[in-house]
Amino acid sequence: MAQETVVVIVGAGPAGIATSACLNRLSVPNVVLEREDCCASLWKNRSYDRLKLHLAKQYCQLPNMPFPDDAPTFVPKSGFIHYLDNYVSRFKVNPLYSRSVRSAVYEGGRWRVEAVSGETSVEMFVGRFLVVATGENSERFVPKVVGLEGFGGGVLHSSEYVNGERFRDKDVLVVGSGNSGMEIAFDLSNYGVRTAISIRSPVHVLTKEMVQVGMYLLKWLPCSAVDGIAQSLSKLKYGDLSQYGIRTPTKGPFYLKRTTARSPVIDVGTIDKIKTGEIRQGSWPKAMSSDPLDDSIPTTKYHALPPSVPVFPSLSHVKGDTIEFVSGKAVQFDAIVFATGYRTTVRKWLKDDGDLFNDNGMPKQRPPNHWKGNKGLYCAGFSSSGLFGISQDAENIAKDISTILNQ
Ligand SMILES: Cc1cc2nc3c(=O)[nH]c(=O)nc-3n(C[C@H](O)[C@H](O)[C@H](O)COP(=O)(O)OP(=O)(O)OC[C@H]3O[C@@H](n4cnc5c(N)ncnc54)[C@H](O)[C@@H]3O)c2cc1C
Ligand SMILES: *[C@@H]1O[C@H](CO)[C@@H](O)[C@H](O)[C@H]1NC(C)=O
């Protein structure tokens, strides 16, 4: 038996619950289907302990519910989860959990969405509109590395990293230079782990304050001017990072964010650790200890910088427990953390793309025209602009559907 509704929403992350909340306010019936057993599973089950929202709270709120005045400017993970749980109950969002959507087809003017729960049970949901809210981070991505399957140590993805506790006194390599990779390297080092990082692509490094100032200035100044200011501030604070093995893109950080969805790294202290040699290409002193929870105890200080640049380039291949880099240097590690990002899974289950998605499962159109396709198909949370973009998507989609229904 198919369950009939007006809007089927797939995914109960921030995007799915915000869209459902906006539809509820406009009295449009909807169903939210979620594969996990709770909402916001990325935040609850797939993120590390020390995670905080990277942007100030006014850029991270969902529609119609600002953060309380006494909330910190940069909300920690636990506070954000608390906010999302309150949001769900306040706007009476009731996702159906443990429903993994495996296909959605458009037939006779309706979307027919098939969800599996458990091993065998299959349910069908039918609606005039379909909102894809399965996220840009639906599936882990780990690049192919020759020999990785024979690596004796631990291999994990950043979504499985909780904290540095289990790596104390080990040699760990972090691969990737996004916010997750940089922050996980920082966290490991705080736990006294002998930490190294491999960075392949050029990145911009900014502080969260620089990002905040930049976002503010973008209201009045052209992007190129804001980029100029941000890059000068970064240079002033960090100096020339290429000597440490970190290259900077030629195009500016805000320009790249707008046009390619690549985010600058928001430094949490990792650069300082790279400069002091706490994060480096091996050869650590044997005894190294620090209390990761007590900021007043300084972590081990090094007297001399290591002879080579501290940051490793790309991996070349793995041989046993030894990782060889494209520079030719080969080092043994106990574990590798791949902070190499995610992929969308839209292509796997959305059988008719309403001309909305490209082959990578991302919208064909860049914002602000990315959220609406043909045949009553929408996507929320695919503008590569985090929670800020999600709020806008949810409001636009709910308004559009309500307008169509009232015609
Ligand atoms: C470590 C980390 C830190 C981040 N920090 C920030 C930040 O500070 N600020 C910011 O703005 N953004 C941040 N982001 C980006 C973040 O992904 C978004 O802000 C937000 O969580 C995305 O929400 P979403 O609802 O689009 O996707 P998700 O939160 O990924 O939710 C999608 C949901 O869909 C479900 N789902 C997927 N496939 C199916 C299926 N086939 N059937 C049923 N359900 C399905 C998933 O289980 C998931 O619950 C961060 C991301 C990561 C990984
Ligand atoms: C995810 O975390 C939440 C909250 O801690 C918990 O209720 C839920 O059972 C967890 N789900 C999985 C699959 O671990």
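Rules of the game
Residues numbered from 1 in each chain as written. Chains lettered and ligands numbered in written order. Predicted model: local features only at pLDDT ≥ 70, side-chain atom pairs only at ≥ 80, totals over all residues. Heavy atoms only, no water. Helix = DSSP H or I, 4+ residues; strand = E, 2+ residues; numbered from the N terminus. Buried < 20%, exposed > 50% of the residue type's maximum accessible area, 1.4 Å probe, protein only. Expected span 1.5 Å × (residues − 1). Polar contact = N/O pair within 3.5 Å; in protein donor to acceptor, adjacent residues only side chain to side chain. Contact = heavy atoms within 4.5 Å. Domains from an automatic or database assignment. Buried area = accessible area lost by both parts, 1.4 Å probe. Salt bridge = Lys/Arg side-chain N within 4 Å of Asp/Glu carboxyl O.

Concerning the side chain of Glu278
Stage number 1. Within the fold, Glu278 resides in the loop between α8 (270-276) and β14 (315-319).
Stage number 2. For Glu278, a relative accessible area of 5% puts it in the buried group.

Points about helix α1 (residues 14-25)
Stage number 1. Between its first and last C-alpha, α1 extends 17 Å over 12 residues, near the 16 Å set by a 1.5 Å rise per residue.
Stage number 2. Remark: Ser27 follows α1 within two positions and exhibits a positive phi of approximately 55°.

Quick notes on the side chain of Glu123
Stage number 1. You can see Glu123 is positioned in strand β6 (residues 121-127).
Stage number 2. A polar atom in the side chain of Glu123 sits 3.3 Å from the side chain of Gln3.
Stage number 3. Here the side chain of Glu123 touches Arg99 through a polar contact of 2.8 Å, side chain to side chain.
Stage number 4. The residues touching Glu123, leaving out its near neighbours within four places in the chain, are Gln3, Arg99, Val113, Glu114, Ala115 and Ser117.

Overview of the domain arrangement of the chain
Stage number 1. Under the domain assignment, the chain is made up of domain 1 (3-138 + 344-405) and domain 2 (141-338).
Stage number 2. Relative placement of domain 1 and domain 2: their C-alpha centres are 31 Å apart.
Stage number 3. In this complex, domain 1 contributes 16 residues to the contact, which on the side of domain 2 involves 22 residues.
Stage number 4. Approximately 1,600 Å² of surface area, both sides summed, lies buried where domain 1 meets domain 2, with 56% of it carried by carbon and sulfur atoms.
Stage number 5. Considering only the side of domain 1, the residues that lose the most area to domain 2 are Tyr48, Arg50 and His54, jointly responsible for 40% of the buried surface there.
Stage number 6. The closest approach of N and O atoms between Glu183 and Arg50, which form a salt bridge, is 3.0 Å.
Stage number 7. Our count for the contact surface shared by domain 1 and domain 2 stands at six residue pairs in polar contact (both at pLDDT 80 or more).

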